[in-house]
Amino acid sequence: MKTLPGRRTRVLAATIATAGLVLLTACTSSDESGSGSKTAAGGVELVKAGQLTTCTHLPYPPFQSEIDGKVQGFDVALIDLVAEDLGVKQEILDTPFENFKTGAFLNSGECDLAAAGMTITEERKKNVDFSDPYFNATQAVLVDKDSGVTSLADVKSKNVKLGAQAQTTGEDHVKKEGFDPVSFESSDAVLNGLRTGQVKAVVIDYPVVQGWLKDQANADAFEVAEQIDTGEQYGVTVKKGNTKLREAINKAFADAKADGTYKELYEKWIGPYDESAASPAAS
């Protein structure tokens, strides 16, 4: 990435997750011996010395997925900025998505934060503290081009089998609309369900669909029937009461938006820059 005016060059350190285990890299000798300090810049307390441990759920492109043996994506790059400000490296732990609602891995001290393209909801706020929102997200209805479906209403009227990712706001939305969707464990499983004909339509976050349609084979087979504005905003979570880390995340995101880093990352991972989606108001 080129150097941006008024800001030191960002090093977007990619991290590696293998079988859900954290691989430690670039620690100091004191960190490797376990005797390093767990207090980072700004007095932020970390669960492990020398690293900012992120819980995520793979894969969820373009926010986080394994590419060429490394976990990469929009969320990964944003949290690298937080880690850089704290003077540490980001390390990633792949965890089940249902734990994001409860904050289980934050409360048990396995992770400092969770970043997984996660929608801010009142229910989730009961268990975790959210950062300021960093992305506005709509849902998309993606259909087989041969389905004849042009909207979510069509899915219902034509009795088309619908799929969604389990434990997501997309699944919640269609259930509230009276659907009984086929529930898939991951976004990859959702796409595979569409490819194999298990379902003829799926509802999932639009940025994920944008990533899928960059593949010509997917673009030839599927199309967006409808975008649904559910008023969703993504946030990063920390353990309740972890104010210093939450403030560090907010500052890093605000700085990135101010100096153009956010726009560069958005265009790299999401697509053409959409200022309305990229600059949500703080909740």
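About the cut-offs
Residues numbered from 1 in each chain as written. Predicted model: local features only at pLDDT ≥ 70, side-chain atom pairs only at ≥ 80, totals over all residues. Heavy atoms only, no water. Phe/Tyr/Trp six-rings, centres within 6.5 Å; stacked < 30°, edge-to-face > 60°. Helix = DSSP H or I, 4+ residues; strand = E, 2+ residues; numbered from the N terminus. Buried < 20%, exposed > 50% of the residue type's maximum accessible area, 1.4 Å probe, protein only. Lys NZ or Arg CZ within 6 Å of the ring centre and 35° of its normal. Pairing = 2+ DSSP bridges. Axes fitted to C-alpha atoms, helices over the stretch in contact; angles between N-to-C directions. Contact = heavy atoms within 4.5 Å. Polar contact = N/O pair within 3.5 Å; in protein donor to acceptor, adjacent residues only side chain to side chain. Salt bridge = Lys/Arg side-chain N within 4 Å of Asp/Glu carboxyl O. 1 Å grid on protein atoms, 1.4 Å probe; cavity = no way out; pocket = protein on both sides within 12 Å on 5 of 7 lines; lining within 4 Å. Points joined across faces, edges and corners; volume = space filled by probe spheres on them. Nonpolar A, V, L, I, M, F, W, Y, C, P; charged D, E, K, R; others polar.

(A) Molecular detail of the packing of aromatic side chains. Tallied over the full model, the rule gives 14 aromatic pairs. Each ring, one from Tyr134 and one from Phe253, has its centre 5.5 Å from the other, and the planes form 65 degrees; the classification is edge-to-face. In this pair, Tyr134 is assigned in the loop between strand S8 (128–130) and strand S9 (135–144) and Phe253 in helix H11 (residues 243–259), connecting sequence segments 119 residues apart. For the residue pair Tyr134 and Phe253, the accessibility class agrees, reading buried in each case. Look at Phe135 and Tyr266: their rings are 5.9 Å apart centre to centre, the planes differ by 35 degrees, and that puts the pair in the tilted class. Of this pair, Phe135 sits in strand S9 while Tyr266 sits in helix H12 (residues 261–269); the two residues are 131 residues apart in sequence, bridging distant segments of the chain. Members of the aromatic cluster, joined through ring pairs, are Tyr60, Phe63, Phe74, Tyr134, Phe135, Tyr234, Phe253, Tyr262 and Tyr266. Lying over the aromatic face of Phe179, Lys156 brings its terminal NZ or CZ to 4.9 Å of the ring centre. For the cation-ring pair, Lys257 lies above Tyr262, with the distance from its terminal atom to the ring centre recorded as 5.2 Å.

(B) Focus on the sheet that holds strand S12 (residues 201–205). Taken in spatial order, the five strands make up an open sheet running S11-S10-S12-S9-S13, and their pairing is mixed. Each having just a single partner strand, strand S11 (182–184) and strand S13 (222–234) make up the two edges of the open sheet. For this sheet, the mean inter-axis angle between neighbouring strands, taken without regard to orientation, is 25 degrees. Pairing between strand S10 (residues 162–165) and S11: three bridges, direction parallel.

(C) Fine view of unusual backbone geometry. Between Leu58 and Pro59 the backbone carries a cis peptide bond, its omega angle lying at -10 degrees. Here Pro59 lies in the loop between strand S3 (51–56) and strand S4 (65–67). Here the bond from Pro61 into Pro62 is cis, since omega is 5 degrees, no more than 30 degrees from zero. Residue placement: Pro62 occurs in the loop between S3 and S4. Its identity is not glycine, yet Asp68 carries a phi of approximately 55 degrees, on the positive side. Here Asp68 lies in the loop between S4 and strand S5 (70–72). The backbone of Asn159 shows a phi angle near 55 degrees, a positive value even though the residue is not glycine. Turning to its location among the elements, Asn159 is positioned in the loop between helix H6 (152–157) and S10. Accessibility expressed as a relative area gives 71% for Asn159, which makes it exposed.

(D) Focus on the environment of Gln64. Here Gln64 is to be found in the loop between S3 and S4. When the C-alpha positions of Gln64 and Ala115 are compared, they lie 8.8 Å apart, and in sequence the two are 51 residues distant. Filtering out sequence-adjacent residues up to four positions away, Gln64 remains in contact with Thr56, His57, Leu58, Pro59, Val71, Gln72, Gly73, Asp75, Val76, Ala115, Ala116 and Gly117. A polar contact of 3.5 Å, which involves the side chain of Gln64, links it to the side chain of Thr56.

(E) Main features of the sheet that holds strand S7 (residues 113–114). Strand order in this open sheet of five strands is S6-S3-S7-S14-S8, and the pairing throughout is mixed. With partners counted over all chains shown, the strands left at the sheet margins are strand S6 (89–94) and S8, one partner each. Bridge analysis of S3 against S6 gives six bridges, and the strand direction is parallel. Note on S6: the bridge partner recorded for Thr56 is Asp94. Set on the sheet, helix H2 (residues 74–86) makes contact with S3, S6 and S7; between it and S6 the angle comes to about 135 degrees.

(F) Seen up close, the pattern of salt bridges. All told, the structure shown has seven salt bridges when counted by the stated rule. The salt bridge partner of Asp154 is Lys158, with a shortest N-O separation of 3.6 Å. For Asp154, a relative accessible area of 14% puts it in the buried group. Taking the shortest distance from any N to any O, the salt bridge between Lys251 and Asp255 comes out at 2.8 Å.

(G) Summary view of empty space enclosed by the protein. Tallying each qualifying case throughout the model produces four cavities of 30 Å³ or more. Here the largest cavity is characterised by a volume of approximately 110 Å³. What lines the largest cavity is a set of 16 residues, among which Tyr60, Gly117, Thr168, Thr169 and Asp205 lie closest to the centre. Elements that contribute at least two residues to the lining of the largest cavity include exactly helix H7 (169–176) and S12. When residues of the lining of the largest cavity are assigned to their parent elements, the largest contribution, three residues, is made by S12. Counted by class, the lining of the largest cavity contains seven nonpolar, seven polar and two charged residues. The volume enclosed by the second largest cavity comes to roughly 60 Å³. Forming the boundary of the second largest cavity are Cys55, Thr95, Pro96, Asn99, Phe100, Gly103, Ala104, Phe105, Leu106, Ala114, Val128 and Thr237. Only helix H3 (98–102) and helix H4 (104–107) provide two or more residues apiece to the lining of the second largest cavity.

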